[in-house]
Amino acid sequence: MLEIVVPEASLFDNSTSEFINIKEQKLQLEHSLISIAKWESKWKKPYLENKQQTMEEFQDYVKCMTITQKVDPNVYRCITADNYRAIVDYMEDSMTATWFPNRDNGKRPGKKEVLTAEVIYYLMSSYGIPYEPCQKWHFNRLMTLIRVCEAKETPPKKMGRREALAQQQALNAMRRRQYHSKG
């Protein structure tokens, strides 16, 4: 969970030609599957595939992430650049000590499927991951768990003949250097 403090500010309302005073507000935010599902239900497009979000879309996602109750909607218009930076840093944090070898560069090989909240819920059910409490986890932590399930379920890839020969040659060369041998 991330806590940010949105400072007090004054906004001008064009429709009433009046200033609106916004009080300082502490927001608690969670980047979770629930937040993504809320956003996708409103915008009708996949959140994870939407790389170029408009400011309105990002602001709305922050609303979907908010777990603080009874927040004045105008508070979201007062979020500072530092607040946005903190939100983005929080969203990009892996929230786990688990890591994967860089063989696949973090991409799911051979899977061109668009990832939506429903697809993630499907993956959770297919791997037996309980919706409660996992749908409330930080999203990156949930995706790491799904990747671990995929890795454990997928049998190791067999080495091709060339790859096996190259590995054997590399091992032989290393042993020759190690034992100062000519083979």
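Attention in this report is confined to the structure presented alongside it.

About the thresholds
Residues numbered from 1 in each chain as written. Predicted model: local features only at pLDDT ≥ 70, side-chain atom pairs only at ≥ 80, totals over all residues. Heavy atoms only, no water. Helix = DSSP H or I, 4+ residues; strand = E, 2+ residues; numbered from the N terminus. Rg over C-alpha atoms; globule rule 2.2 N^0.38 Å. Buried < 20%, exposed > 50% of the residue type's maximum accessible area, 1.4 Å probe, protein only. Contact = heavy atoms within 4.5 Å. Disulfide = S-S within 2.5 Å. Salt bridge = Lys/Arg side-chain N within 4 Å of Asp/Glu carboxyl O. Arc of directions from axis to C-beta. Phe/Tyr/Trp six-rings, centres within 6.5 Å; stacked < 30°, edge-to-face > 60°.

1. A closer look at the overall build of the protein
Item 1. Check the secondary structure of the protein and you find seven helices and four strands.
Item 2. Written out in order from the N terminus, the α and β elements of the protein read β-β-β-β-α-α-α-α-α-α-α.
Item 3. In terms of C-alpha radius of gyration, the protein reaches 24 Å, well past the compact-globule figure of 16 Å for 183 residues.
Item 4. Along the first, second and third principal axes, the C-alpha set of the protein runs to 85 × 40 × 25 Å.
Item 5. Across the 183 residues of the protein, 30% fall into the buried class.
Item 6. By sequence separation, contacts in the protein at least 24 residues apart represent 61% of the contacts at least 6 residues apart.

2. Some thoughts on the state of the cysteines
Item 1. Under the defined criterion, the tally for this structure stands at zero disulfides.
Item 2. Of the cysteine sulfurs around cysteine 64, a residue in no disulfide, the closest is that of cysteine 78, at 19 Å.
Item 3. Note on cysteine 64: relative accessible area 12%, which makes it buried.

3. Section: the pattern of salt bridges
Item 1. Per the stated rule, a full pass over the model turns up four salt bridges.
Item 2. For lysine 42, the salt bridge is made with aspartate 60, and the minimal N-O distance between the two is 3.2 Å. Of this pair, lysine 42 sits in helix α1 (residues 33–43) while aspartate 60 sits in helix α2 (residues 55–65), and the two are 18 residues apart along the sequence.
Item 3. Using a relative accessible area of 7% as the deciding quantity, one classes aspartate 60 as buried.
Item 4. Here lysine 136 ties to glutamate 132 by a salt bridge, and the two come within 3.6 Å at their closest N and O atoms.

4. Things to note about α1
Item 1. What α1 keeps buried is the set Leu33, Ser35, Ile36, Trp39 and Glu40. Looking straight down α1, one finds that the buried residues subtend no more than 155 degrees of arc, so they occupy a single side.
Item 2. Contacts made by the buried residues of α1 are with α2, α4 (117–126) and α6 (139–153).
Item 3. Just downstream of α1, lysine 44 is the residue with a positive phi angle, here 60 degrees.

5. Here's the deal with the packing of aromatic side chains
Where two aromatic rings form a pair, the distance of their centres and the angle of their planes describe that pair.
Item 1. Taken as a whole, this structure holds six aromatic pairs when the rule is applied.
Item 2. Measuring from centroid to centroid gives 5.1 Å for phenylalanine 12 and phenylalanine 19, while their planes differ by 65 degrees, and the two rings are edge-to-face.
Item 3. By relative accessible area, phenylalanine 12 is classed as partly exposed at 38%.
Item 4. Ring centres of phenylalanine 58 and tyrosine 84 lie 5.3 Å apart, and the angle between their planes is 50 degrees; on these two criteria the pair is classed as tilted.

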